[in-house]
Amino acid sequence: MPTQAADVAHLLHRAWFGGTKTQIAAFSAMNLADVVDAVLTTPVAPNDVPAPPPLLNDGVTPEWEQYVDLLEWWFNLMATSSAPIVEKMTFFWHGHFTSSHSAAGNVNWTYDQNLLFRSRALGDMHLLTQEMAIQPMMLDYLNNRFNTKWGAQQNFARELMELFTMGIGADHYTEQDIIEVARAWTGYSVDWQTDKFVFRSDDHDNGTKSIFGVQPAKNWNGPDVIDYIFTNSDKQLATARFMARKLWTFFAYPNPSETVVNDLATVFINNNFVVKPLLRALFLRPEFYSPTAKNALVRSPVEYMVAVMRGLSMPAKFIHPQWYGERMGQALFDPPNVAGWKNNAYWLTTSAMSARADLAIDMHWRMWGDKNDPVNRPNIHPLKHLEGEMDSRNYSKTPTQMVDLIESYLDVTLGAGTRQVLVDFVTNTRAGQHRWTEPQLLVLALVAPEFHVS
Amino acid sequence: MLHSDISSHDALRHLSRPNSDLNLSRRRFLQAIAGGAGIAAASSFLPSGMASAVTPVGQHEGILLMIYLAGGNDGLNTVVPFGQGEYYDNRPDIAISSPDKAGAVNPALRLEGVSGIGLHPNLGFLQQQFNQKQLAIVQGVGVSDPNFSHFEMLARWMEGSNNGSSLSPTGWIGRWLDSASSTDLLSAVNIGWGGIPLHLIGANHRAVALSPYDSGYGGDTEEWRQEGYKAIRSMATRSVAGTWASQVANALSDQLSVASLVAPAYVGLPDDNHLRQFAAAAGLINANVGVRVVNVTIGNFDNHATELLDHADNMKTLNDGLQLFWSMLSPSFQNRTTAMTFSEFGRRLLGNKSNGSDHGSASCLFVMGPRVNGGMHGQYPSLKPGDLLANNQLRASVDFRQVYQQIADKWLGADSRQLLGATYSGLNLFSAAPGDIGGSPDPVATPVIVAAGSSFRAIVPERILDTRSGIGAPARPVGPDGVLDLAVAGVGHVPPTDVTAVLMNVTATGPTESGFLTVWPKDAPFPNASNLNFETGQTVPNLVLAKLGAGGKVSMKNSAGDTHLIADVCGYFVNKPGSRLVPLTPFRALDTRSMAPGVLHPRGVVTIKLAAVGGIPSSGIDAVALNVTAVAPTAAGFLTVWPAGEPMPTTSNLNFGTDQTVPNMVVSKVSADGSISVYNDSGNTHLIIDIVGYYASTSGTGIISVTPSRLLDTRGSGSVGENGVHELLVAGVGPVPVTGVRSVMLNVTAVAPTSPGFVTVFPAGADRPNSSSLNFTKGQTVANLVLAKVGGTGRVAFFNRSGNTHLVVDLVGYSVD
C-alpha cells in the first residue's frame, strides 16, 4: 500500500534533514514499513568513517580555524550525507551526552567524540555509554579526570544517572548512591602528556561501596555501574523509559502518552538497547503521523541552517555556522550546559529570530554578488532562476509562479496566508521595477514561519 | 515538586516552558500603537510612532536588575566565614584566607561592624557599597529540603513557588507581569542568546530577549528593508497551521518592534562578554522604554574543579559588572533601581580533591542599591558538625521566597502572596520605597576601567564630499529640509568596516538663506541638534564628530535655503587598540598677533612644533586636537592644516570672509617630530592655535561617539552676560556615565551675541585658560566643535568675554577613564 506523500515528507524532515522531490516520490510508492526501513538504512559498514575535516591536525592551522573546519565538515555531512539518519542520531547523541568544545579546547577530543557518536549512532546505547564515559572529552567536561580516592568528585556520577540514563527519580537513585558511584569512578582520568584516557589504579578507591542497595556491598568500579544500569530490571526500565521519552520528544513531539513511552521502552529493552529497532517502532507508530505530530517542532538552529544549505545548495562555509549558531542559541559542539539544548519555545526569542533573519539577509546578498566569481559565490542553481527576473525585469514568471519556485527549492509548504503576503509583495514591488524584489522575496521565504517548523 | 518520573528534558522544558499564549504581549503592543498612529504607522516604523508603544517608568516604580549566577555559586567563598574554624578544616585547598591571619595572601575583605565574616577578595566594590549601607547580604538563604540537581533547584528558584503547591509552572516574575496592570513589551528583558529563563515567563506574558551585542534585525530604513518588514508583519497577522509557526511569526514581528526602541542601549559597550551585559542593562534602563526587570546571566559557577581560579574570575565579573552598571546608570534612575543576585544552590562545605566543591544547599545572595537596607540579614549557617544537614551540607536560615516577598512587595509594587502562593515575612531589605527621598545617599561609584570607546586613526585630510563638483553626491546644492546621505565607510582611506565614527570638517558654502546643518548617524532618529550655522552667502566650516549609522553612512540635513556642502575627513575611530584621546586644559601655543612669525601672508605657510608644548608629550603622539582661529583677515580665504613635511592636501580647515574672525577645531596628524603646518590661501591674517588635546597609543581614553543630543539651550532660560560663567553638568547626563568621564565633545553655538567677543570652554573648577573656543561678531550665530575636559564636579564651564550671548550646546561624544 502506498504511503501518503505528506507522511513521507514529514518522516524525512524528522528522521533526516528533509528529502528531495525524487525521494519523496519514490518512497510514496512503497508501504510505510519499507519506507521506514529505507530511511533507517545506514552504510554497510557501521563504523565507516567519513573523511576527516581537511584542516584537522595539519600542524599549522590554529585551533579556532580547526574548530570552524570541523563545524563546516559536520554541517556538510548533515546536509548531504547518503545516510542522514546517522547524522541526525549523531546530533541527538551530541545533545544527550553533552560536553563542550569551548571548555575543553581540544579539537581532537571533540572530533573523536563525534566519531564515537556516529559509529554508534543507531547502535548499542549500553556500549556507547561505556565508551563515551572514558573518552577524554567527557572525563574533562564533567571533571572526572580529577575524581580520586583522595577526594571524590560527584559531577560525572550525578549526571550519568540524572541526565544520561535513568533521570531523576526517588526509586532510581539516592544522594547516597551519587556519593558511592563517584567513588566507583575514581581513577578514570586523562593523561596529561598524551591527552588520552588513563586509569590510575593508585587513585581508584578499592573499598566496598553500597550502590543501589545491592547487598552485600562490594568493590564496584565505574563500568560496573553502567553495566548494572543497563541490566538490572528496575534500572534498565527507568533508562529505557527516559530514553523513549527523550527520543520521542526529539523526533515527534513533547509529552508523549504513557502508552507510547512504555511501548517504546519495551522495544528498547527487548533489543538490548540497540537504537535502530527502537527508531523503527517509533517511526511506525500512528501517533508519529498524527496532527499532533505534524509541524509540532520548531526547527533548531542547526536544523534551520541545514535546511537553508539544502534549499540553496549552499556549502557550510557560506552559512558561517560558527557565527550564526551561537546567535541563534545553538553553538554546535558547545551546548549551554550538561543537559543539552531544549526545544520549541526555547528557540523563539526575539534575539534568536533576529539572527535567523540576519542569515536570510546574508544569503540574499549572494544574489547581488559577482555571479561569475566562484570564490565569492558558489554556483547556486536555485538562485539563478530568481536572478533571471532580477536582472532582466522581464517578469516572464507571474508572482505566483515565483512563489511556487521558491517553495519548491526550499522544500517547504507555505500556508495560504503566507503565500498571499509573498505574492502581494512581488506584485507590489515589481511595479517599481526594483532589482531588490527577487532577493527580498528570498529573504521573506527564509523567514516565513512555515520554514522554521517541521 | 517535579513529577518523580520526570526526565531531565521535562525539567528543562519546565525551565523554558512553551508559552501557550506567547503572543499576548505582542498584541498589547499592537493595541498600544493602534491607539495612536495605528498599525500601518508601526509598519512604516517611524521612530516617533514607536514612542507611544512603551510607557516610561514612573517616578515611584522600582526597577530590578537580576543577576543569575549560573551553576550554583559557592556562598562559602563569596561571603567568607573566616571566624569559623570548621571552614578551614573542611576546605584545606579552596578556602579564602582570613584577614586575621598575619601575612595572609589575598585574604577576605572585612566588612564594617561585622566580625568573623568577610567578602571574597575580588568583591572590593561590594565591600565599599556594604560600608556605605547600600548592600544587603542575605546569609544562609536556601530551602529547608534541599535537592542537589541543578535543574530541580533552578526550577524551584525560578518558579518561586512552594514545593508541591498547585501553582502552574510559571516564573515568579512572569506571574508579576501577568498581574501588573500596565505591562509593556519591554517590561521584562533577558539579555542573552538562549531561551527565556523560566522566572521571566508568565501565563500570558514573558520577557523579551535581547542580544548582548546589538539591537538586531529591524532598525533599517531603506525602502527594500521597509517593504520586507511590512511583509513580515503582515505574515504575523495571517493564520498559519500549527501553534509554533504562528509563534515564530510573532517572535520575529516582536523583534522588529524591539530593534529601534532599544538601539540607544547599545552605545559604547565594553568588549568583555559578561561586562557588556551589565552595560547594556544600564543602557536599557537609561533609554526609558519601560524596562522594569532586566536579567543577566554570568558564570559558569559550577566549580567542581580548580575553584580558586575560576570562582575568583566569576567574583571579579560580578564585582566589575555591578560597578559598571551603577556607574553607567543615569542618576535619575539610581534611586529607583535595585540589583539582586541568585543561584540555584551553594556548594558543599567539604571541598573535593579536584580543588573544587560539589553541589550544596544554603548559600548567600546580594541585594544592592540606594534604597536597600544595607547590612547583614539572616543567620550565617553554623559549620559545626552537629548543625549541618546530611552529607556535610549547610542549613538554611532564610527561605529564598522571603527575599522574593521583599522584592515583590517593597520594590515591584506587587502582592507577594499572589505571586508566591503563600505568606512570607521576616526580612526587611529596603529602607525606602523606589524614588523616595530618604534611605541611603545615592551611590557614589568609583570609576571603572573598561576598554570603552574607540581609538582614533588620523589620516591626511581627504575630501569625500563636494556638492559643487559632484564628489560624494550629485553636483547640485542641498535644498531646504534636504537630507543628504553620505557614504563614509570604505571611502578614501576610511576602512569599509569597524569604523564607529569619523572626524570631518564640514563646510557650508554659498547658502541662499540663513540656516543650519545637522549631521547624525544614518537611520537614527533626527536629533534636536545642529553642527554649523550660516547666514546668506557665508562660507562656514566646522569640525564634526560624526557617528556612522546604517551602511557606514551619515545623514546631513540643511534647515533652509540651498547650500553647497563640503566634507573633508581627517580621521576615523575604530573599536580596536590604537590611538586614544588625552584631553588637556586649553593652552595657547601660537598667537601671531604677539608671537613670531607675525601675520601670515597670502600663500604663506607656518610650521610649528607642538611636541612638548602645553601638556603634549615630547614623543609618541599621533595627532593633535587644536582650536585654530583666523583673526581679522584682509581678504576672504581659507586655512589648511596638515602634518609637516607631507604634501599639502587639497582640503580646508576653516574659511573666512574679509575681517571675519573664525575659529574651528582641527584634528591633525603630526609629523614624526610632532609638527604641523598651516597654509593661508589669500589675504593677510593672524593665526591663533590653542591646544586642546592629543592622541597617543600609550595613554588616553577612547572616544564614544553618540547621536547628537542637546544639553543646553539658554534661549529658554536667559543669556550669559559679560564675563559670565555658566557651568554645565555633563556627568550622568544622557548617555554620559556618572563617573569616570574625562572629556566631552560638544558642538557649541553662540546665538545672537550682543557684541563681538569669544567664549572659552574649560574644566569647571580649574583656572580659566588664556584661550578661546568660539569667536563671534555682534549678531552672528557661530558654532564650533569643542573638546572639553571635564572638571572634578562632572561639569564644564563656559566663559563669555563680552556682551550677552545665548549658548546652545550639543553633545556628540565623550571619553571615559
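Worth saying up front: this structure is predicted, and the values here are computed from it rather than measured.

Participant: What is the right way to look at the overall build of chain B in this model?
Facilitator: Each helix and strand counted, chain B has 16 helices and 38 strands in total. Among the 817 residues that make up chain B, the fraction classed as buried is 62%. Summarising the internal contacts of chain B: among those between residues at least 6 apart in sequence, 78% fall at separations of at least 24.

Participant: Please clarify how the interface of chain A and chain B should be interpreted in this entry.
Facilitator: Note: interface size is frequently given as the accessible area lost on complex formation between the parts. Taken together, the contact between chain A and chain B spans 61 residues of the former and 56 residues of the latter. When residues of the side of chain A that touches chain B are traced back to their parent elements, those giving at least two are helix H10 (155-164), helix H11 (175-184), helix H13 (233-251), helix H17 (321-328), helix H18 (350-365), helix H21 (416-430) and helix H22 (437-447) of chain A. Ranked by residue count, the leading element in the side of chain A that touches chain B is H18(A), at seven residues. Its residues assigned to classes, the side of chain A that touches chain B comprises 28 nonpolar, 24 polar and nine charged.

Participant: Hey, could you run me through the pairing of strand E37 (residues 795-800) of chain B in this one?
Facilitator: The side chains of a regular strand alternate between the sheet's two faces. Residues and elements named next belong to chain B. Of the two faces of E37, only one is covered, namely that formed by Val796, Phe798 and Asn800; the face formed by Arg795, Ala797 and Phe799 stays uncovered. In the sheet, strand E32 (residues 724-729) pairs with E37 via six bridges, with the strands oriented antiparallel. Within the sheet, the bridge partner assigned to Val725 lies in E37 and is Phe799. Taken together, the five bridges between strand E34 (residues 757-763) and E37 define a ladder with antiparallel strand orientation. Considered in E37, the bridge of Phe762 is made with Ala797.

Participant: How should the pairing of strand E30 (residues 686-696) of chain B be read in this particular structure?
Facilitator: All names here are of chain B. Most of E30 is tucked away: nine of the eleven residues are buried. Pairing of strand E23 (residues 580-591) with E30 involves eight bridges; the strand directions are antiparallel. Bridging across to E30, Arg588 finds its partner in Asp690. Note that strand E25 (residues 621-631) and E30 share ten bridges and pair antiparallel. In the strand pairing of E30, Val628 is matched with Ile689.

Thresholds, definitions, all that
- Residue positions are given per chain, counting from 1 as you read along its sequence in written order.
- Each chain takes a letter, starting from A, and each ligand takes a number, starting from 1, following the order in which they are written.
- Where totals are concerned, whole chains, interfaces and linings use all residues; where local detail is concerned, this predicted model gives features only for residues with pLDDT of at least 70, and gives and counts side-chain atom pairs only at 80 or more.
- Secondary structure elements are defined from DSSP: runs of H or I of at least 4 residues count as helices, runs of E of at least 2 residues count as strands, and each element is numbered from the N terminus.
- Once C-beta atoms are placed from the backbone, each residue is buried if 20 or more other C-beta atoms lie within 10 Å of its own, exposed if 12 or fewer, and partly exposed for counts between those two.
- We call two residues in contact when their backbone-placed C-beta atoms lie within 7 Å.
- Gly is placed with the polar residues, together with every amino acid not listed as nonpolar (Ala, Val, Leu, Ile, Met, Phe, Trp, Tyr, Cys and Pro) or charged (Asp, Glu, Lys and Arg).
- In this scheme, strands are said to pair when DSSP sees at least two bridges between them.

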